[in-house]
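Remarks on the overall topology
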Amino acid sequence: MVSASRMETFLAVSRQGSIRRAASQLHITEAAVSAAVAHIEKQLGAKLITKSGRGIMLTEAGRVYAEYCRTILGLMKEAHAAVRRAETGRLRIGVVATAGEYVLLRLLASFRNRYPDIELSLSVHPRDVLFLELHHHETDLVIAGRPPRDTGLVIRGRRACQLVVVGAPEHCPDPLRSTWLLRGRGSGTRDATLNLLDRLEITPPTLTLGSHGAVLAAAREGLGVTLMHSDALVGDLETGLLQALPVQGTPLDRPWHAITTRTPTPTTRLFLAHILDPAEVGAAAFHPG
């Protein structure tokens, strides 16, 4: 039987691509890391890593085993949380950047005030990373766009939102001939923008920026137009820094979703009940999925 600590060590090696970097991350010796990997390989009777240049890479068996390790360790942590009282448990939330800044924080603040003894953690990643973490039970709940089909993930609540094309008032010629500002790869908003451009049958210049904040700042400065969640635009539209632009097929309905596995922990259920209760969170409430 391979211990959880050895699985954690192997996963560190798989993520870092280096025995040395894994040892540094875990604050143990390189010899201890090598011994842990060797022990697992002996137990399994399979080679899990191989040399690649100055580092290492996983074999096919190593990649398969790493996926199982992620799920096993995630389930172990979930099991520990499941047997604790909901009001004193742990809640791990994953969220895409826009929802994290404009949707979740108000909900999280009221939840913390209501249940101060719950241990909260928050991770912000592109949606594909979040759904993978949820699939491996490394996160308890995700707030993002719609999850892929056939993943076994369950939509527990929805909150209305739209994607709107906006630009600076002084720099808004025909949006179909303007530069379009894009989020980085892995962003659902980026995918929606590219799909919209395909439907419009146009190939305008594009400029990719790393975050929704950078995209909004660039739009305010007149560097181009962008497709953005309405939750992120309220202040800029009210002050006139940005204006909504008429583009065929927009605005697009893109609700936020609160998503879990099929077996949410008691603390996760407590959070879901909170965000689905208008009496507690008002207009920020989600609606049952």
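That block above? That's the structure.
Residues numbered from 1 in each chain as written. Predicted model: local features only at pLDDT ≥ 70, side-chain atom pairs only at ≥ 80, totals over all residues. Heavy atoms only, no water.

**Considering the overall build of the protein**
Scanning the protein from N- to C-terminus turns up 11 helices and 14 strands. With respect to the principal axes defined by its C-alpha atoms, the protein has extents near 65 × 50 × 35 Å. Carbon together with sulfur atoms contributes 53% to the accessible area of the protein, which is approximately 14700 Å² in total. The positive charge centre, built from 33 side chains, and the negative charge centre, built from 27, are 7 Å apart in the protein. (Helix = DSSP H or I, 4+ residues; strand = E, 2+ residues; numbered from the N terminus. Areas by Shrake-Rupley, 256 points an atom, 1.4 Å probe, with all protein chains shown as cover. Lys, Arg positive; Asp, Glu negative; His and termini not counted. Charge placed at Lys NZ, Arg CZ, Asp CG, Glu CD.)

**Digging into the packing of aromatic side chains**
One pair of aromatic rings is described through two measures. These are the centre distance and the angle between the planes. Following the criterion strictly, the structure yields 3 aromatic pairs and no others. With centroids separated by 5.0 Å and ring planes inclined at 90°, the aromatic side chains of Phe-111 and Phe-271 adopt a geometry described as edge-to-face. Taken together, the positions of Phe-111 in helix 5 (residues 97-114) and Phe-271 in helix 10 (residues 266-275) put the pair 160 residues apart, joining distant regions of the chain. Here Phe-111 matches Phe-271 in class, with each residue buried. Three or more aromatic residues joined by ring pairs make a cluster, and in this case those are Phe-111, Tyr-115 and Phe-271. (Phe/Tyr/Trp six-rings, centres within 6.5 Å; stacked < 30°, edge-to-face > 60°. Buried < 20%, exposed > 50% of the residue type's maximum accessible area, 1.4 Å probe, protein only.)

**Comments concerning the pattern of salt bridges**
Tallying each qualifying case throughout the model produces 11 salt bridges. Here Arg-63 and Glu-60 are joined by a salt bridge, their closest N and O atoms 2.8 Å apart. One end of the pair is Arg-63 and the other is Glu-60, both in helix 4 (residues 60-82) and 3 residues apart, which spans about a single turn. Its salt-bridge partner being Arg-220, residue Asp-236 comes within 2.9 Å of it at the nearest N-O pair. Taken together, the residues span a long stretch of sequence, with Asp-236 in helix 9 (residues 234-239) and Arg-220 in helix 8 (residues 212-220) at a distance of 16 residues. Where salt bridges share partners, they join Arg-15, Arg-70 and Glu-138 into one cluster. (Salt bridge = Lys/Arg side-chain N within 4 Å of Asp/Glu carboxyl O.)

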